Amino acid sequence: MRIELQPAYLLHYRNYRDTSVIADLWTPEYGRLSVLAKGARRRKGGKKHLLVPFTPLLISCRGRSELKTLTHIELAAKSVSLQQTMLFSGFYLNELLLRLLPIADPHALLFSRYGEVIESLQQDIELEPCLRQFEWFLLQQLGYELNFSVDAVLHQPVNASSYYQLDVNRGFVACVEGRYQGANLLAIAAADYSLATTRQVAKQVARQALQALLGSKPLNSREMYRQMQV
């Protein structure tokens, strides 16, 4: 299999042997690829400086096995540098994609949305709505779309004054001891994050829904952010 000049983002890399690197790259047409960049860490002629996260790349690789050999890499745009909280948010998105996207499973629309979010992270934006919108879209692309405006059992509109539980396999279900108030769910459905309570509920829902897919292994990016805050 030969892939030529495919747009890509770097999700993660690790050193391999003395001078090489194994990189996880994400492309719109071929999905997530694991590639061996031979000699990338050599002092002369190495390509490690091009393995930068969040920056659009063009890559070529070949190989029949799951681990391809990187044959070409270049920057497709100016190198992106995220700062502080935005940087950890970028690492968080990369870790989600690395953990949840199977090898060679393309998601072109998600790839495009990721690029838009990375551009937003370089600007002075309200961070949490940006992250939540990407998380909802990611869940939808993986087949776990959340409907914030309809009761999954009664198939009736969510009531603003009622409370709901999230059944990750079905959706939101009215419950006397529910965790989420309908008013906040309806605000999320309308992409209205103006209230702090709505932002808090959105974060809780995202964590619950994603945890069902991620399993018990914690996210490294989240732990890194906690340590930075100490």
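Details of the structure are given in the entry above.
## A short note on the nonpolar core
Of all hydrophobic cores here, the largest spans 45 residues; its most connected members are L97, Y114, W136, L146, F172 and V205. Those elements that provide at least two residues to this core are β1 (2–16), α1 (84–100), α2 (108–121), α3 (127–141), β6 (163–167), α4 (182–189) and α5 (196–214). The leading source of residues in this core is α3, at eight residues. The contacts of W136, once residues within four sequence positions are left out, are L146, F148, I188, Y193, A202, V205 and A206. Of all hydrophobic cores here, the second largest spans 17 residues; its members include I3, A23, A37 and L70.

## Observations concerning the pattern of salt bridges
Here the structure, examined in full by the defined rule, presents nine salt bridges. Of the charged contacts, one joins E128 and R132 as a salt bridge, the two residues approaching to 3.8 Å between their closest N and O atoms. Remark: R132 and E128 occur in helix α3; sequence separation between them is four residues, near one turn of the helix. One salt bridge in this structure joins E128 and K203, with 3.4 Å as the shortest N-O distance. Of this pair, E128 sits in helix α3 while K203 is found in helix α5, placing the two residues 75 residues apart along the sequence. Residues joined by salt bridges that share partners form a network here, namely E128, R132, E135 and K203.

## Some points on the pairing of strand β4 (residues 57–62)
As paired strands, β1 and β4 are joined by five bridges and run antiparallel to one another. Each residue of the ladder has a partner; that of A8, found in β4, is L57. Strand direction decides the pairing type here: β4 and strand β5 (residues 67–75), joined by six bridges, are antiparallel. Residue L58 lies in a different strand from β5, and its bridge partner there is E74. Hairpin connection between β4 and β5: a loop of four residues separates the two successive antiparallel strands, and G63 in this loop has a positive phi of roughly 140°.

The rules behind these values
Residues numbered from 1 in each chain as written. Predicted model: local features only at pLDDT ≥ 70, side-chain atom pairs only at ≥ 80, totals over all residues. Heavy atoms only, no water. Core = buried A, V, L, I, M, F, W, Y, C linked by side-chain atoms within 4.5 Å. Buried < 20%, exposed > 50% of the residue type's maximum accessible area, 1.4 Å probe, protein only. Helix = DSSP H or I, 4+ residues; strand = E, 2+ residues; numbered from the N terminus. Contact = heavy atoms within 4.5 Å. Salt bridge = Lys/Arg side-chain N within 4 Å of Asp/Glu carboxyl O. Pairing = 2+ DSSP bridges.

These figures capture arrangement, not role.
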